[in-house]
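Here's the letter readout for the chains.
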Amino acid sequence: MTAAASRGATPDAAELRSRTQELLAAHPVAGTDRVDFLKARFDAGLAWVHYPVGLGGLGAPRSLQAVVDAELEAAGAPDNDPRRIGIGLGMAAPTILGFGTEEQKSRFLRPLWVGEEVWCQLFSEPGAGSDLAALGTRAVRDGDDWVVNGQKVWTSSAHLARWAILIARTDPDVPKHRGITYFICDMTDPGVEVRPLRQITGEAEFNEVFLTDVRIPDAHRLGEVGDGWRVAQTTLMNERVSIGGMRIPREGGMIGPVSETWRERPDLRTHDLHQRLLTLWVEAEVARLTGERLRQQLVAGQPGPEGSGMKLAFARLNQEISGLEVELLGEEGLLYEDWTMRRPELVDFTGRDAGYRYLRSKGNSIEGGTSEVLLNIVAERVLGLPSEPRTDKDVAWKDLAR
């Protein structure tokens, strides 16, 4: 144990560098199994440095995570493949930390961060997408369990997931926002059926999930009964930050491939395309820097509605940039590499061709909250504009027209 740790002091940058070097000395990158290294990193408190001691962190300022990451990257240490487990890292983990019991935190956070257990999100339903609070999946108490029946849709990674974060209606006699409870669902339960949803790309990274008499122990409930909407807000705010506020380098993301094509293919250039590319390049850089500022704001607390604005910008820019790329390539932009039905582990925007980027980006304005709903959030919670009339907010869910 280091001197700072023995004193109970909050680690500073120097202390974190020292701890990271101790980890690397005890678990040399070249001779340590990848998963074993990640487990050791979690146990050393270097996974999420701002999380509590014993849960992958050290109670340090969130901003100091970059110190650890830089040391490990320089040493060639493995990461936890964050794109593959993004739902667990960006949505499930902060919700479990905020509302979970000590037993739940100890059980779920380590295998989640290491990547041994993939998570998915059972929120949207065929009749409750944009109006998520109208969801109809029911959970009925039966002794120490809850029996869940219903259908969820647009579920990324459900075909890979071991666990799911789930919201279900536990009281139909109160207004829709109040009768919801939040659970952790075992995706290996025999009552869980996952069916692929083939997308415009030809792939099926999305799924629909049918829940038939799925038994969830009350010990897997997050938050109080009926308080699921408040718990879900933590998930949703973190989701929008994780989608729209990802840390990327300059010319990272969708603007990278089209910029590279522009430089390497002067025969494709026109004045009009040049002006549009310049505009989008600047907007992409502004969005990148705004995302960096948002991450700095997170050091002071939980994400707020600003994440909705970032996610809005992410969706619009991806669609406009991918459209420009297809137009720049002309006839080549109409080609598509492979329409084979596959169920991928992750979405790879930059590792695929322009046709894939163009088609897949159409979903960016739907997933993680539709752009229309996010515009309302920004208008009301950021700009302070009057709320839209909501005639159903005081009506019991069972009395709503469906």
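See above for the structure.
Residues numbered from 1 in each chain as written. Predicted model: local features only at pLDDT ≥ 70, side-chain atom pairs only at ≥ 80, totals over all residues. Heavy atoms only, no water.

A word on the pattern of salt bridges. For the coordinates displayed, the defined rule picks out 36 salt bridges. Here Arg 263 ties to Glu 251 by a salt bridge, and the two come within 2.5 Å at their closest N and O atoms. On the criterion of sequence distance, the pair formed by Arg 263 in helix α8 (residues 255-264) and Glu 251 in the loop between α7 (228-244) and α8 is long-range, its members being 12 residues apart. For Arg 263, a relative accessible area of 52% translates into the label exposed. (Salt bridge = Lys/Arg side-chain N within 4 Å of Asp/Glu carboxyl O. Helix = DSSP H or I, 4+ residues; strand = E, 2+ residues; numbered from the N terminus. Buried < 20%, exposed > 50% of the residue type's maximum accessible area, 1.4 Å probe, protein only.)

All right, on to the nonpolar core then. In this structure, Trp 48 and Trp 119 are the most contacted members of the largest nonpolar core, which totals 35 residues. Broken down by secondary-structure element, the contributors of at least two residues to this core are α3 (34-43), α5 (86-99), α6 (102-114), β4 (163-169), β5 (180-186) and α7. Ranked by residues supplied to this core, first place goes to α5 with six residues. Contacts of Trp 119, omitting those with residues within four sequence positions, involve Ile 87, Gly 88, Ala 92, Ile 96, Phe 108, Leu 112, Ser 157, Ala 161, Trp 163, Ala 164, Ile 165 and Ile 184. (Core = buried A, V, L, I, M, F, W, Y, C linked by side-chain atoms within 4.5 Å. Contact = heavy atoms within 4.5 Å.)

As a further point, take the side chain of Gln 104. Following the sequence through the fold, Gln 104 ends up in helix α6. If we ignore the near neighbours within four places in the chain, the residues touching Gln 104 are Ile 96, Phe 99, Leu 109, Ala 219, His 220, Arg 221 and Leu 222.

So, about the packing of helix α2 (residues 13-26) against helix α4 (residues 65-74). Close contact between α2 and α4 brings their axes to 9 Å; oriented N to C, the two are set at 35°. The handedness of the crossing between α2 and α4 is right-handed. Listed contacts from α4 to Ala 13, Leu 16, Arg 17, Thr 20, Gln 21, Leu 23 and Leu 24 of α2 are Val 67, Val 68, Glu 71 and Leu 72. In terms of residue class, the contact of α2 with α4 is built from seven nonpolar, two polar and two charged. (Axes fitted to C-alpha atoms, helices over the stretch in contact; angles between N-to-C directions. Left-handed = near helix turned anticlockwise from the far one by under 90°. Nonpolar A, V, L, I, M, F, W, Y, C, P; charged D, E, K, R; others polar.)

Attention now goes to the packing of aromatic side chains. Tallied over the full model, the rule gives 10 aromatic pairs. Centroid distance Phe 42 to Trp 113: 6.3 Å. Interplanar angle 45°. Geometry classified as tilted. Taken as a pair, Phe 42 in helix α3 and Trp 113 in helix α6 lie far apart in primary sequence, 71 residues in all. The exposure classification of Phe 42 matches that of Trp 113, with both residues buried. With 4.2 Å between their ring centres and 35° between their planes, Tyr 336 and Trp 339 make a pair best called tilted. Among the residues examined, Tyr 336 registers a relative accessible area of 15% and is labelled buried. Taking relative accessible area as the criterion, Trp 339 reaches 46% and is therefore assigned partly exposed. The lysine or arginine in question, Arg 352, covers the ring of Tyr 356, its NZ or CZ lying 3.9 Å from the ring centre. (Phe/Tyr/Trp six-rings, centres within 6.5 Å; stacked < 30°, edge-to-face > 60°. Lys NZ or Arg CZ within 6 Å of the ring centre and 35° of its normal.)

Turning our eyes to something else, we now look at a nonpolar patch on the surface. Taken together, the side chains of Val 382, Leu 383 and Leu 385 define a hydrophobic patch exposed on the protein surface, amounting to about 280 Å² of accessible area. Tracing the backbone shows Leu 383 in the segment after α12 (371-382). A residue is classified by how much of its surface remains accessible, and Leu 383, at 58% relative accessible area, is exposed. (Patch = residues over 30% accessible without salt bridge, like charges linked within 9 Å, V, L, I, M, F, W, Y side chains within 5 Å. Areas by Shrake-Rupley, 256 points an atom, 1.4 Å probe, with all protein chains shown as cover.)

The values are spatial; any link to function lies outside them.
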